[in-house]
Amino acid sequence: MSKHPLAQITLLALSAGLFCSADAQDRDAGKRAPSAKQEGTLDKYINPDAEDVTTKLEVITQTLYEQEQRIVTLTFMQEFGDRVRLKRVAFASGDRTLIPGYIFTPIKLESGRKHPGIVMVHGGFHERFDWRWFQLVDLAVSKGYVVIFPEYRGSRGYGANHYVNDYGVTDTADTLAAAQYLAEQAFADPARLGILGQSRGGMVTLLAIEKEPSRFKAAVDIVGLTDFVAYMAYKPEYRRKEVAKESPSFKGKLPDENLSAYMEVSPINHVDKITAPLLVLATRGDQIAPFDLHTGRLLDVLKAKGKVFEDKIYDAAPGGHIFMDGDTPEQRDALQRTFDFLGRYLKPS
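Since the model is a prediction, treat every value here as computed from it, not as a measurement.

Attention now goes to the packing of helix H4 (residues 134-142) against helix H11 (residues 329-346). Interaxial distance between H4 and H11 falls to 12 Å at its minimum, and their mutual angle equals 35°. When you trace H4 past H11, the crossing you get is right-handed. For the pair H4 and H11, the contacting residues are Gln135, Leu136, Leu139 and Ala140 in the first and Gln331, Leu335 and Phe339 in the second. Grouping the constituent residues of the contact of H4 with H11 by class yields five nonpolar, two polar and no charged.

As structure tokens, then:
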């Protein structure tokens, strides 16, 4: 194989038959056709036939992400398809945008039965549904829940346009839209919705219960980012610039030049709006969302505001920030606490 990086990636894509398909380009659009009066500026997409190296790499990268995501879903169905039904959906967020996601239900849904629902929110800079969520989804369905997993804007595997990201803004809007979509399904009970998120997903979970306090009956925050100003203070320079550049709300500026935008997406500043009972899980020794900067301060504010919450803080759980990914006593304890907590408020049968 050629040692040239572009040649290697191109050969890899060709060997897997992965160049952009028509349906991939359709998903990349992710838009409903607006009326003539609403057209405004036309959307622009990657040219799959572009000749310049930069665009070719972007086309190949996004295509590989899409194929990787297909493998993830196939793997889930292979492992759990005998008891969990996975359905890919696209729901509206705002007036035009379609957001991909997955709904997980029992294989056989009883006619007329309404299940409590859980919105599961992934974290990461451009992460998505993957093997780390398999066990949690399977457990939820086995305990009587239906699950929606929104691939909010910024998630990879759904085309270049969907990859565009606005921290704390579009991810939260898309997650709330997912909750609304799940509530409208015949098999879901809109009065028994919960939400659970990890890392950035924990941040989005907190923002969601702050923006729509009556939407959820219970919430679980796992190692969530609570102060985005603090987050931007200790991240490496390349990531700080990347976050500022990618998020339209930040306008390419760091907190010292656009402080209010970062404060707005920091859940620590809006705790007074929380009404849903909240379970907070974290560990000391977390090097991604340090306990003293994030969860520790959140707990202090929850207590000061008289909120209904429970917490379990582990002492240097294996894996630190990703302790939920391991098969450890701490992870098993956290799973037990999660479903005990949700069960009290969502009451699955």
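What follows covers unusual backbone geometry. Excluding glycine, residues mostly have negative phi values, and the peptide bonds linking residues are mostly trans. With a phi close to 55°, Lys251 is a non-glycine residue in the positive phi region. Within the secondary structure, Lys251 is located in the loop between helix H8 (237-246) and helix H9 (259-264). Despite not being glycine, Lys347 has its phi angle at roughly 50°, a positive value. Mapping Lys347 onto the fold places it in the segment after H11.

The full count for this structure, using the stated rule, is 23 aromatic pairs. Ring centres 5.1 Å apart and planes at 65° place the aromatic pair Phe129 and Phe149 in the edge-to-face group. Of this pair, Phe129 sits in the loop between strand S3 (115-121) and H4 while Phe149 sits in strand S4 (residues 146-150), and the two are 20 residues apart along the sequence. Here the two residues Phe129 and Phe149 agree in accessibility, since each one is buried.

Conventions adopted
- Residues numbered from 1 in each chain as written.
- Predicted model: local features only at pLDDT ≥ 70, side-chain atom pairs only at ≥ 80, totals over all residues.
- Heavy atoms only, no water.
- Axes fitted to C-alpha atoms, helices over the stretch in contact; angles between N-to-C directions.
- Helix = DSSP H or I, 4+ residues; strand = E, 2+ residues; numbered from the N terminus.
- Left-handed = near helix turned anticlockwise from the far one by under 90°.
- Contact = heavy atoms within 4.5 Å.
- Nonpolar A, V, L, I, M, F, W, Y, C, P; charged D, E, K, R; others polar.
- Phe/Tyr/Trp six-rings, centres within 6.5 Å; stacked < 30°, edge-to-face > 60°.
- Buried < 20%, exposed > 50% of the residue type's maximum accessible area, 1.4 Å probe, protein only.

Treat this as a map of the structure, not an account of what it does.
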